[in-house]
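The residues making up each chain are set out below.
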Amino acid sequence: MSAPPLIVLTGAGISAESGLATFRDNNGLWERHRVEEVATPEAFAADPALVHRFYNARRAQLADPAIQPNAAHRALGQLFANWKAPALLVTQNVDDLHDRAMPGSDALLHMHGELKKVRCTACGQRRAWAGDLSTGTPCPACGATGMLRPDIVWFGEMPLGMDRIEDALQDCRLFLSIGTSGQVYPAAGFVAALRGRAERIELNLEPSLGSHLFEEARHGPATLLVPKRVEELLARWG
């Protein structure tokens with residue numbers, strides 16, 4: 001039997017074991033800043049310096065040599081390198097740990113943007129960015145000052161790549177959800193859209209809000225669950 005078209009959805013839980021704080025746990029980033037202060041277009045308009053400081057700190061954390069892809073990221077890299085059917089990894093994470101674990105892959109889609117990219121609100125150009133941003137940083141493309149923002153999808157904005165995701169959902173016959181709380185839409189609605197059409201598997205530290213919608217749910221650390229499940233999938237369809 002040939003491998004089925006695959007979608008893997010990942011959230012902050014897969015990166016937590018690499019040392020990156022998640023948004024919604026007891027020690028999450030939002031506890032030091034209200035969402036309204038740092039993750040909305042209105043926040044950026046009201047206090048761009050604060051928003052820049054927040055994302056500069058997150059970018060600096062990602063540059064720490066101790067922050068590396070973990071066993072779950074690497075296992076998914078192996079899965080996608082060996083999957084013999086259309087496959088898409090949709091991540092809600094803005095870090096680059098998946099990118100490092102599967103370099104050059106065109107199967108990776110950051111639906112909530114990327115921490116190491118910026119976008120100019122004047123000319124619209126996106127580009128890689130590793131350093132700090134400030135209200136005085138000029139756009140390298142158009143020269144406008146103070147118009148660069150993190151290339152992050154903030155609350156109230158449309159996620160990226162939705163046309164590609166919708167097309168993949170139409171064809172999907174195997175869906176894995178890894179390390180996501182099931183609280184943020186539209187990603188939280190993917191599993192419901194696939195009921196009756198795809199095999200649905202949850203791998204999460206604890207049951208998500210939509211855990212009852214999955215045919216199979218395994219709960220525990222991603223670094224333990226994901227490599228084991230990838231090994232099983234490749235043995236079945238690799």
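Residues numbered from 1 in each chain as written. Predicted model: local features only at pLDDT ≥ 70, side-chain atom pairs only at ≥ 80, totals over all residues. Heavy atoms only, no water.

By the naming in an unreviewed UniProt entry, the chain is NAD-dependent protein deacylase, taken from Teichococcus deserti. Quoted verbatim from the Sequence similarities (unreviewed entry) heading of the UniProt record, the comment on the chain is "Belongs to the sirtuin family. Class III subfamily." As stated in UniProt under Subcellular location (unreviewed entry), the record for the chain gives "Cytoplasm". (UniProt positions renumbered as here; feature names shortened; annotations may be inferred.)

Undergrad: Explanation requested: the environment of L203 in the structure shown.
TA: In this fold, L203 is placed in strand β8 (residues 199-204). Residues in contact with L203, not counting those within four places in the same chain, are L176, S177, I178, G179, R218, L225, V226 and R229. (Helix = DSSP H or I, 4+ residues; strand = E, 2+ residues; numbered from the N terminus. Contact = heavy atoms within 4.5 Å.)

Undergrad: Honestly, the domain arrangement of the chain in this entry has me stumped. Any pointers?
TA: Accessible area lost during the coming together of the parts is what is often quoted as the interface size. On domain assignment, one finds that the chain holds domain 1 (1-20 + 69-112 + 159-238) and domain 2 (21-66 + 114-152). Here the C-alpha centre of domain 2 lies 26 Å away from the C-alpha centre of domain 1. Roughly 1100 Å² of surface becomes buried between domain 1 and domain 2 when both sides are summed, with 58% attributable to carbon and sulfur atoms. It is L20, V94 and D96 in domain 1 that bury the most area against domain 2; as a group they hold 43% of the surface buried on that side. The shortest N-O distance in the salt bridge between K116 and D96 comes to 3.2 Å. One can count four residue pairs in polar contact (both at pLDDT 80 or more) joining domain 1 with domain 2. Elements represented by at least two residues in the side of domain 1 that touches domain 2 include exactly α1 (13-16) and α6 (97-101). (Domains from an automatic or database assignment. Buried area = accessible area lost by both parts, 1.4 Å probe. Salt bridge = Lys/Arg side-chain N within 4 Å of Asp/Glu carboxyl O. Polar contact = N/O pair within 3.5 Å; in protein donor to acceptor, adjacent residues only side chain to side chain.)

Undergrad: I tried to follow the environment of L115 on my own but got confused; where do I start?
TA: Turning to its location among the elements, L115 is positioned in strand β4 (residues 113-120). Sequence separation between L115 and A235 is 120 residues; the distance between their C-alpha atoms is 35 Å. Apart from the residues lying within four places of it in its own chain, the contact partners of L115 are Y55, R58, R59, L62, V94, W129 and I152.

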